[in-house]
Amino acid sequence: MLLLLAALGCSVVAPEPVQPASPETLDALLLRLEEAGQLAATDRHGALDAWNIARARFDEQVEPGLRATSDPLEVTATEYTFARIHRELSQGRDASAEIEQLAQRLRPTRLATR
């Protein structure tokens, strides 16, 4: 029994540390949101598709680093800004102010990665 416990203890692998998003990832995310904003008035479905791509990139590549390094309220505020962008795009309205707010929120993350 003791050997089994020792073997289990040796096989535990520590999780890899969460890395902040790369500047390229942030640039691509913000570029996709700007594209969504440009499409909102003429192609609502295209705008929402671009938003979905940006949101997936955020969820997979940016948010884990934010959660590891930022205040939980800041992460929640960033997610809320994403939701406001979606609302504006889905109604065919200009989301440039919300996109700029998101860019401002992500800038500290971007500077920390350089």
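That block above? That's the structure.
In this report, we go over the structure that sits alongside the text. Treat the numbers as computed from the prediction; the structure is a model and nothing was measured.

**Description of the packing of helix H3 (residues 44-69) against helix H4 (residues 72-90)**
Relative orientation of the contacting elements H3 and H4 amounts to 175°, with a least axis distance of 10 Å. Taken together, the axes of H3 and H4 are roughly antiparallel relative to one another. Packed against H3, whose contacting residues are Arg44, Ala47, Leu48, Trp51, Ala54, Arg55, Phe58, Glu63, Leu66 and Arg67, the element H4 presents Val75, Thr78, Glu79, Phe82, Ile85, His86, Leu89 and Ser90 at the interface. Considering only residue class, the contact of H3 with H4 consists of ten nonpolar, three polar and five charged.

**Considering H4**
When the terminal C-alpha atoms of H4 are compared, their 27 Å separation across 19 residues agrees well with the 27 Å that a helix rising 1.5 Å per residue should span. Within H4, burial applies to Val75, Ala77, Thr78, Thr81, Phe82, Arg84, Ile85, Glu88 and Leu89.

**Some thoughts on the packing of aromatic side chains**
Taken as a whole, this structure holds two aromatic pairs when the rule is applied. Taken together, a centroid distance of 6.1 Å and an interplanar angle of 75° make the contact between tryptophan 51 and phenylalanine 82 edge-to-face. Taken together, the residues span a long stretch of sequence, with tryptophan 51 in helix H3 and phenylalanine 82 in helix H4 at a distance of 31 residues. The class for tryptophan 51 is buried, based on a relative accessible area of 11%. Judged by relative accessible area, which is 0%, phenylalanine 82 ranks as buried. Relative to phenylalanine 82, the ring of phenylalanine 58 has its centre 4.9 Å away and its plane inclined at 45°; by these criteria the two rings are tilted. Here the residue phenylalanine 58 occupies a position in helix H3, and phenylalanine 82 occupies one in helix H4, the gap between them amounting to 24 residues. Among the residues examined, phenylalanine 58 registers a relative accessible area of 0% and is labelled buried. Grouping aromatic residues by their ring pairs yields a cluster made of Trp51, Phe58 and Phe82.

Conventions used here
Residues numbered from 1 in each chain as written. Predicted model: local features only at pLDDT ≥ 70, side-chain atom pairs only at ≥ 80, totals over all residues. Heavy atoms only, no water. Axes fitted to C-alpha atoms, helices over the stretch in contact; angles between N-to-C directions. Helix = DSSP H or I, 4+ residues; strand = E, 2+ residues; numbered from the N terminus. Parallel < 35°, antiparallel > 145°, perpendicular 65-115°, else oblique. Contact = heavy atoms within 4.5 Å. Nonpolar A, V, L, I, M, F, W, Y, C, P; charged D, E, K, R; others polar. Expected span 1.5 Å × (residues − 1). Buried < 20%, exposed > 50% of the residue type's maximum accessible area, 1.4 Å probe, protein only. Phe/Tyr/Trp six-rings, centres within 6.5 Å; stacked < 30°, edge-to-face > 60°.

So yeah, pure geometry; function would need other evidence.
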